[in-house]
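Close look at the chain arrangement
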Amino acid sequence: MIILSYWLFPLLLVVTVHIQKLQIEFYKYKYFNAAVLALVGTGFLLLTNFNKIDFHNFRFLLDYKFYLCQTIGVIFMILQFKARKNNEHNLTICYFVNFLSLAIIPFVSIGLMYLFSFKNTIEVQYDSPSDIYYLSISLFVLAILFYIDKFKSKSINNVKQLGLVFIFGAVSGVFGSKMMQEYDPVNYMMIATVFNVVVFSILSFVKEKKESVRLVSILEDGDKPKSYKKDYIFMMLSYCVTLYINTIIISNIPAEQYSIIRNVGLILVNYVYTYHYDKINLMNFKDSFVLALMIFVLVYFTA
């Protein structure tokens, strides 16, 4: 099952990139979309695991860490939405911040273990404590090398906000993975999506009431209902696929490996996606070399 988890990454990454592209198309309805996807995800997990539901497996609802983890995840998503909006003419900086967060993931993982003493998580067995520093420094340097030629002479808005995205992004990804490993992944993810339904429904009503009504009108009978309906339905189905794959992968590999492979893989798949659909070649030898080095470093220090 562990080997299968790694082989599932390409499918997960391709579907995730496509979802991200569609989310950009529906950006003005971001909170409404987040609520809808969470609702669809809840229904999918409930239907596909109906016979496995055991209310004893929902004991994490009595654990304050669940609510802390979900709150951090929601804050990260909101910060990311705002950072992308504030830097919409220089999205490279947003991608760079997410990529750079890989460098602190090993320390975040160890810090969470120290703070919360997880018992059922899958941990990387480093050969020596110094390997953690070597891994983080290597990822930091490689992230800089990857993006150093991609910055353009455009302003960077709200640096403090980007700093928060950097921190919350690393903590949210690792914390969520560890919580799913600590408890039952499927049941945990199902309740987590319910949490997101409630939060983003409220945000949609408060922040995007008019936009949400407009989107519903378009989907029902608008200017371009066919394309919108097709894309929206495909986005929901794709999201269900990612949920299913994520439950398999997270159940079998360490949280830091999942986060690093996912972020590196998303960059690579996005390049392939852009070349295939937009006929734009973003990849060069330097980028390919740096990404290959990242994978080598990850395998060398964590395998």
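Residues numbered from 1 in each chain as written. Predicted model: local features only at pLDDT ≥ 70, side-chain atom pairs only at ≥ 80, totals over all residues. Heavy atoms only, no water.

**What about the pattern of salt bridges?**
- On inspection of all chains with the given rule, the structure shows 3 salt bridges.
- Lys65 is the partner of Asp63 in a salt bridge, and the nearest nitrogen-oxygen pair spans 2.8 Å.
- Classification of Lys65 by relative accessible area gives buried; the value is 11%. (Salt bridge = Lys/Arg side-chain N within 4 Å of Asp/Glu carboxyl O. Buried < 20%, exposed > 50% of the residue type's maximum accessible area, 1.4 Å probe, protein only.)

**Describing the packing of helix H3 (residues 30–48) against helix H9 (residues 185–207)**
- Remark: H3 packs on H9, axes separated minimally by 7 Å, with the N-to-C direction vectors making an angle of 155 degrees. By the angle between their directions, the pair H3 and H9 is classed as roughly antiparallel. Handedness of the crossing formed by H3 with H9: left-handed. The residues of H9 that touch H3, namely those facing Tyr31, Phe32, Ala34, Ala35, Ala38, Leu39, Gly41, Thr42, Leu45 and Leu46, are Val186, Met189, Met190, Thr193, Val194, Asn196, Val197, Phe200, Ser201, Leu203, Ser204 and Lys207.
- Residue classes in the contact of H3 with H9 are distributed as 15 nonpolar, 6 polar and 1 charged. (Axes fitted to C-alpha atoms, helices over the stretch in contact; angles between N-to-C directions. Helix = DSSP H or I, 4+ residues; strand = E, 2+ residues; numbered from the N terminus. Parallel < 35°, antiparallel > 145°, perpendicular 65-115°, else oblique. Left-handed = near helix turned anticlockwise from the far one by under 90°. Contact = heavy atoms within 4.5 Å. Nonpolar A, V, L, I, M, F, W, Y, C, P; charged D, E, K, R; others polar.)

**Here we look at the confidence of the model for the protein**
- For the protein, mean pLDDT is 83; residues scoring 70 or higher make up 89% of the total.
- Highest mean pLDDT in the protein belongs to helix H6 (residues 105–116) (92); lowest belongs to helix H10 (residues 209–221) (67). (pLDDT = per-residue confidence, 0-100.)

**Section: a nonpolar patch on the surface**
- Together, Phe107, Tyr133, Tyr134, Ile137, Phe140, Val141, Ile144, Leu145 and Ile148 give the surface a local cluster of nonpolar side chains, amounting to about 860 Å² of exposed area.
- Looking at the nonpolar patch element by element, the count peaks at 7 residues for helix H7 (residues 130–147).
- Of note, Tyr133 is situated in helix H7. (Patch = residues over 30% accessible without salt bridge, like charges linked within 9 Å, V, L, I, M, F, W, Y side chains within 5 Å. Areas by Shrake-Rupley, 256 points an atom, 1.4 Å probe, with all protein chains shown as cover.)

**Considerations on the packing of aromatic side chains**
- All told, the structure shown has 19 aromatic pairs when counted by the stated rule.
- Aromatic pair Tyr31 and Phe200: ring centres 6.2 Å apart, planes at 20 degrees, arrangement stacked. Highlighted residues: Tyr31 in helix H3 and Phe200 in helix H9, separated in sequence by 169 residues. Of the two residues, Tyr31 and Phe200, both sit in the buried class.
- Residues Tyr300 and Phe301 carry aromatic rings whose centres are separated by 5.0 Å and whose planes lie at 90 degrees to one another, so their mutual orientation is edge-to-face.
- When its relative accessible area of 12% is taken as the criterion, Phe301 is described as buried.
- Following the ring pairs from residue to residue traces out a cluster consisting of Phe58, Phe60, Phe66, Tyr67, Tyr183, Tyr188 and Phe195.
- One residue, Lys30, lies across the ring of Tyr31, its end atom 5.1 Å from the ring centre.
- Over the face of the ring belonging to Phe146 we find Lys286, whose NZ or CZ atom lies 5.6 Å from the ring centre. (Phe/Tyr/Trp six-rings, centres within 6.5 Å; stacked < 30°, edge-to-face > 60°. Lys NZ or Arg CZ within 6 Å of the ring centre and 35° of its normal.)

**So, the nonpolar core**
- Counting residues in each nonpolar core, the largest one holds 82 residues, and the members touching the most others are Phe99, Phe146, Phe175, Met179, Tyr188 and Ile249.
- Per-element tally for this core: the top contributor is helix H11 (residues 225–250), with 10 residues.
- Not counting chain neighbours up to four residues away, the residues in contact with Ile249 comprise Ser5, Leu8, Phe9, Leu12 and Tyr258.
- Listed in part, the 8 residues of the second largest apolar core include Ala34, Ala35, Ile78 and Phe81. (Core = buried A, V, L, I, M, F, W, Y, C linked by side-chain atoms within 4.5 Å.)

**Structural notes on H6**
- Under the 1.5 Å per step criterion, the end-to-end length of H6 is 16 Å for 12 residues, consistent within 8% with the ideal 16 Å.
- For H6, the set of buried residues is Ile105, Pro106, Val108, Ser109, Leu112 and Phe116. Looking straight down H6, one finds its buried side chains confined to an arc of 165 degrees; they lie on one side. Summarising the geometry of H6, the exposed residues directed more than 90 degrees from the buried face are Tyr114 and Leu115.
- In the core, the buried residues of H6 are packed alongside helix H4 (64–86), H7, helix H8 (159–182) and helix H12 (255–278).
- Looking one or two residues beyond H6, the residue adopting positive phi is Ser117, at roughly 50 degrees. (Expected span 1.5 Å × (residues − 1). Arc of directions from axis to C-beta.)

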